[in-house]
Each structure stands twice: as structure tokens, then as C-alpha cells.
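Secondary and tertiary structure notes
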Amino acid sequence: MRAFAVMERDLRRFTRNPILMLASVLLPMIYLVIIGNSFQGQLKNLPIVVVDQDNGPYSRRVIELLQAMQEGPRMIKIVRLNDQKEALDLVKNGFCKAALIIPPDFSEDIVKDTNPEIGLFLDNTDVISSNGLSNIVSQSILFLKSEYLPIRQSPSKVQIRFVELFKKIDYDASLVPGAIVMAIFMGTMITGAFNLVMDKFLGIHESYLSTPLTKRDIVIGTIVSGVFITTLMSFIVLIGSMLLTGIRLEGGFVSFALLVFTIILSALGLLSMMFIIMGRANHPRVVGLIGGFLNVIFFFPSGAVYPIESFPGWLKAFAKVNPEVYAVHAIKALIFKGADIVAIKNDLIFLCLFTVIMLVIATWTFKRTF
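This report concerns the structure included in the present document.

**Some details on the pairing of strand β3 (residues 98–102)**
Remark: a regular strand shows side chains that alternate across the two faces of the sheet. In terms of burial, β3 is a largely internal element, 5 of the 5 residues being buried. A two-sided burial pattern is seen for β3, the buried positions comprising Ala-98, Leu-100 and Ile-102 on one face and Ala-99 and Ile-101 on the other. Of the pairings in the sheet, the one linking strand β1 (residues 46–52) to β3 comprises 5 bridges and is parallel in character. Bridge assignment links Val-50 to a residue of β3, and that residue is Leu-100.

Below, the structure written as C-alpha cells:
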């Protein structure tokens, strides 16, 4: 009977919190929707820039075959350019996944059977996309001389010269930017707003009001300490990842400074967001529940493990306002490519706007709820 009394108390406590009950049912279904659409089997809408320097019948045939892949299974998205340097810059700066260069006299070389070649320049920092595009282009070229799909595949004599623009990146190494962003998120979970929720839970926050501290002082101090701890955790993860995967930082001092700035900016924005979301929470259990939910909906659609271009439309729309998308893209470009400010300009602009907006709202929200 005594055990039954304890059981009854816990059941009553659980039923009196409808939010937790609803979340316990809805979160697994939301996880299914988010993760299920973040790891779709077939790659789609991978942007590839095509430069036709030949303008002959067989170069047009190559483009027609690629357009068939674009219009049919929608595996690629073609961007046409005339300047080879501009095309390679789009790939190096992360705006396209690959550049297909069709050289002059390509059609003539096919007619004369003098080892015709085309160049496929790959952004090999995205392992999944580069492998997928290599297979797509290779399969398309097989039917270069065929008007119809043959019963038996007869390989064309056209050779594809694959050029990886950056140092070879293994799949485990390609996950390092995502690991850093996850470390940033976890840092925001165990600092900042979480500390204030614990103070509320323990009743310590009431003593703050008897000191000369203002509410703004509490917010700023808590956020700054959270940014420091989160940044330190992120660099520990970075160093550990470098030791485990064997990668090294590309670029010089400018790239490293931009990396530090990106991590600090991301931490500051996410910490401020946590203040807004958890401002009214008064129990650490709520923090854990919300944190697990946010980790799924922000991390998996961030492009850390699967190309954003292959997401369904509604998930790509969410990716446009997901701060972790911009953090992953910027960190990947800085670590693997040694990129400059041009390559991550849009990422930094979004992160700056996001951080400023979140910080202003967090301060206002805290002053009204603390």
C-alpha cells in the first residue's frame, strides 16, 4: 500500500502537467518526420555549373543528357556559364557542388577518336555530393553516342577527368563541422539559460534581487560566461576531431580568425535563443525535454550529414532560417578550404542578424519574466 501511494503521487504529478504529456507523444513523431526527410535515399537538386567551350554537336549532346537527369529524376540542377574561372569560383566558394568543363574541339576529338576528355571539378569537401555527381556524370556519358537506350551498355570512349579541388576528405572527417556545431549547441544547453532555470528551481534567483545587480547585468553576465565555456568546448572538440581524423586546418591566420569569430557568433546567437525559449521554465526537466527536441530539428536539417539541396521543399524552407545551416557551411569552408570572407559572407551576415535579434529579444523577455 505504501508503494501504491508513491505510484499514485507520481501519476497525479504527471497528469497535472499536460505539456509534458503532449510532448512525450508528439516529439517521437516529429523526430520521425525530421530525421526521415533529412536522410532521403536519392540525391536531388545538386547544383552543377556547366561551361561549354566547344559548342559542337557532342557537347550539346552532353548537356542534353544532363538536362534529362535534371528534368527526370531531378538529381542535378544545371547552371550555365561561359567563363571557366567564374565556374570554378562558384565551386570553391560552395555555391555549386561541381563544375563540368567541356573543352574546345571536344566534338572534333570524338569524331577523330583522339581520346576526347571533359573535366569535372568537384567540391570534395562534401563527400556525399561529390560521389553522387561523379556517378551521375559518368552514367550520362555512357550514352553519348546513343540516340536511344541500348539493351547492352556500350561505354563511350569519352574520358572524364575528375579533379578534386581540395585535399581529399574522408567521410568521417567531413562530419567534423557538424560535430563542432553540435558542441556549440550542447554548450548552450548546459550554460546560460539552464543555469538560471536551476537557480529558479533551487530558489537562489530571489537573492539576486537583493543585490545591486540589474536584470540586464544578469543576462549579459550569464551569456558572456556561456559563450566563453561554449567556445572552449568547441575548440576542444575541434582539436580532438583533428587528432581522430587526421585533418588539419587549411588557410592562414585570416581563416583561423574567421573560424573563431564564427564559433563565437554562433554560440552567442544560440545562447540568446535559449533564453527566449526557456525564459519561463522553472524546472530542469523542461530544459532537457526542450533541448532534445531542438537538437533534432536544428542539427539534422543543417547540412552537416546530408546535402540540403536534396531535402523536400518544406525542409529546405526551414533550412533558410536555421542558424546551424550557416554555421556548418562557414565552418566547413574555413576548415577544409581555408576560405576567405567572400566565401562565407552570406553566412556571417545571417548569423550577425540572427544574433542581434535574439539578443535584443532575450534581454527584453528576461526583464519581464525574471
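**Side note on the packing of aromatic side chains**
By the definition in use, this model includes 5 aromatic pairs. Measuring from centroid to centroid gives 6.2 Å for Phe-350 and Phe-354, while their planes differ by 10°, and the two rings are stacked. A residue pair is termed a helical-turn pair when its members lie 3 or 4 positions apart in one helix, as Phe-350 and Phe-354 do in helix α16 (residues 345–369) at 4 residues. Through successive ring pairs, a cluster of aromatic residues spans Tyr-326, Phe-350 and Phe-354.

**Description of the sheet that holds strand β4 (residues 117–122)**
Pairing is mixed in the open sheet, where 5 strands are placed in the order β2-β1-β3-β4-β5. Two strands close off the open sheet at either side, each with one partner strand: β2 (76–81) and β5 (159–164). Geometrically, the sheet is characterised by an average inter-axis angle of 25° between neighbouring strands, direction not taken into account. Pairing between β3 and β4: 4 bridges, direction antiparallel. Looking across to β4, one finds that Ala-99 is bridged to Phe-121. In this fold helix α3 (residues 57–71) packs onto β1, β2 and β3, with an angle of close to 145° to the strand it touches most, β2. Sheet contacts for helix α6 (residues 127–141): β1, β2, β3, β4 and β5; angle to β4, the most-contacted strand, approximately 165°.

**Observations concerning a nonpolar patch on the surface**
The grouping of Phe-228, Ile-229, Leu-232 and Ile-236 at the surface amounts to a nonpolar patch, some 420 Å² of accessible area in total. With respect to the element layout, Leu-232 can be found in helix α11 (residues 215–245). Its relative accessible area of 48% is what places Leu-232 among the partly exposed residues.

**Some details on unusual backbone geometry**
Even without a glycine there, the phi angle at Asp-105 is positive, about 65°. Checked against the element boundaries, Asp-105 lands in the loop between β3 and α5 (106–112). The exposure class of Asp-105 is partly exposed, given its relative accessible area of 44%. Even without being glycine, Asn-115 reaches a positive phi, approximately 55°. Summarising the element assignment, Asn-115 is placed in the loop between α5 and β4. Exposure remark for Asn-115: the relative accessible area of 64% places this residue in the exposed category.

Each value, and the rule that gives it
- Once a new chain begins, its residue numbering starts again from 1 and follows that chain's sequence as written.
- Local features in a predicted model are, by the rule used here, given only for residues with pLDDT of at least 70; side-chain atom pairs are given and counted only at 80 or more, and totals for whole chains, interfaces and linings are based on all residues.
- Only heavy atoms go into the side-chain values, all of them from the structure, while hydrogens and water stay out.
- For every residue, the accessible area obtained with a 1.4 Å probe (protein chains only) is divided by the maximum for its type, and the residue is called buried under 20%, exposed over 50%, and partly exposed between those limits.
- Only runs of H or I of at least four residues qualify as helices and only runs of E of at least two qualify as strands under DSSP, and these elements are numbered from the N terminus.
- Two strands make a pair as long as DSSP finds a minimum of two bridges between them.
- Any Phe, Tyr or Trp ring, taking Trp's six-membered ring, that has another such ring centre within 6.5 Å forms a pair; planes under 30 degrees apart are called stacked, those over 60 apart edge-to-face, and the others tilted.
- What counts as an axis is a line fitted to C-alpha atoms, over the stretch in contact for a helix, and the angles between N-to-C directions run from 0 to 180 degrees.
- Any two residues whose heavy atoms approach within 4.5 Å are treated as being in contact.
- Patches draw on residues past 30% relative accessible area with no salt bridge. Two like charges within 9 Å are joined, as are two nonpolar side chains (Val, Leu, Ile, Met, Phe, Trp, Tyr) within 5 Å.
- Exposure was quantified through the Shrake-Rupley algorithm and a 1.4 Å probe, taking into account, for residues, occlusion by the shown protein chains and nothing else.
- Each salt bridge in this description consists of a side-chain nitrogen of Lys or Arg and a carboxyl oxygen of Asp or Glu lying within 4 Å of one another.

This is a description of form; function is not addressed.
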